[in-house]
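Examining the three-dimensional arrangement
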Amino acid sequence: MVQYPMQTGPIGVFDSGYGGLTILQKIRELMPQYDYVYLGDNARTPYGTRSFDVVYEFTKQSVKKLFDLGCPLVILGCNTASAKALKSIQTNDLPQWGNERRVLGVIRPTVEAIDSITKSRHVGILGTVGTIQSESYPIEIKKLFPDITVNGNACPMWVPLVENSEYNSDGADYFVKKELDRLLSQDKDIDTIVLACTHYPLLIDKIRKYVPKEMNIVSQGEIVAKSLENYLSRHGDMENHIGRSASCKFYTTEAIEKFRKSASVFLHEEIEAERITLAL
Ligand code: DGL
């Protein structure tokens, strides 16, 4: 069994594809001093329609790879992985791997932030089929804020639109409007929509077109970044193990050229990437 003792290294950010870049970007804006490694499992995206076991397996392989790359801390910048794999990794795998490194998700910080945003106490969640079916958001929201009514809607076409760089196309409008109408028809009092998939911020301009002007649209990047900053301020031992040369490396399981091009557009900067394969 592989053991991962604590060592100094970069913060790892993982996603099934490009979506986690929306999280990485905000984390780096807030804490540019640290080292980062991004891993996109683009060869096997999307995860949103995959079973629990497969998402767990794939996510575990990615976390292991990020540990191999020296990360003391990994952020699952993916709601689907956070919903389906985080708990199992924290409970089953981390103890076997040495128990000192940490894996954090994006759902808990998002749920904690909702309370101060919604006034009507009616919230809509948009996510992948996996995230919505897992009921992770309604369950977590009920635990912390039982007075909030939660409705969710899965948007199976939204991730492919982003992964295929079609998020600005006219065709995207059809799928964006369709899913928003579905969500809002479930509850007319919704005043806050959570983009519970890290790919969705790329569709924000289209989303704004089809909801009332006063609707709160919650993207997770800043929320997760602030929550991580807070976590590191409370966990000095972990913070001491994060490298501080302001570096950022990118890894993908797909062809480098495609990743490099799309990721550069997402991040508004030219990046280099390396291809890796994942296995247990
Ligand atoms: N970006 C991921 C999320 O936040 C999911 C994308 C996928 O379906 O792979 O859920």
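Before reading further, recall that the structure is shown in the block above.
I will try to describe carefully the structure that is included in this document. (Residues numbered from 1 in each chain as written. Predicted model: local features only at pLDDT ≥ 70, side-chain atom pairs only at ≥ 80, totals over all residues. Heavy atoms only, no water.)

Focus on the overall build of the chain
Helices and strands together make up the secondary structure of the chain, namely 13 helices and 10 strands. Radius of gyration (C-alpha) of the chain: 18 Å, near the 19 Å computed for a compact globule of 280 residues. Structurally, the chain occupies a C-alpha span of about 50 × 40 × 35 Å along its principal axes. Expressed as a percentage of the 280 residues in the chain, the buried residues total 57%. Contacts spanning at least 24 positions in sequence make up 78% of the contacts within the chain whose residues lie at least 6 apart. Put simply, the chain shows about 12,100 Å² of open surface, and 50% of that area lies on carbon and sulfur atoms. In the chain, which carries 32 positive and 35 negative side-chain charges, the distance between the mean positions of the two groups comes to 2 Å. (Helix = DSSP H or I, 4+ residues; strand = E, 2+ residues; numbered from the N terminus. Rg over C-alpha atoms; globule rule 2.2 N^0.38 Å. Buried < 20%, exposed > 50% of the residue type's maximum accessible area, 1.4 Å probe, protein only. Contact = heavy atoms within 4.5 Å. Areas by Shrake-Rupley, 256 points an atom, 1.4 Å probe, with all protein chains shown as cover. Lys, Arg positive; Asp, Glu negative; His and termini not counted. Charge placed at Lys NZ, Arg CZ, Asp CG, Glu CD.)

With respect to the side chain of Asn42
Here Asn42 shows up in the loop between β2 (36-40) and α2 (52-68). Not counting residues within four places of it along the chain, the set of residues in contact with Asn42 comprises Ser16, Gly17, Tyr18, Glu163, Thr252, Thr253, Glu254 and Phe259.

Thoughts on the pairing of strand β7 (residues 192-195)
Because side chains alternate across β7, one face comprises the buried residues Thr192 and Val194, and the other comprises Ile193 and Leu195, equally buried. Sheet topology places strand β5 (residues 122-127) next to β7; 4 bridges connect them, and they run parallel. From the neighbouring strand, Leu126 faces β7, where its bridge partner is Leu195. Strand direction decides the pairing type here: β7 and strand β8 (residues 216-218), joined by 3 bridges, are parallel. When the bridges of β8 are listed, Ile193 appears paired with Ile217. (Pairing = 2+ DSSP bridges.)

What about helix α13 (residues 256-267)?
Its 12 residues give α13 an end-to-end C-alpha distance of 16 Å, which sits within 8% of 16 Å, the value for a rise of 1.5 Å per residue. Those residues of α13 lying buried are Phe259, Arg260, Ser262, Ala263, Ser264, Phe266 and Leu267. Tucked into the core, α13 has its buried residues touching α1 (21-30), β2, α8 (158-163) and β9 (248-252). Trailing α13 by a residue or two, His268 shows a phi angle of about 55 degrees, which is positive. (Expected span 1.5 Å × (residues − 1).)

Treat this as a map of the structure, not an account of what it does.
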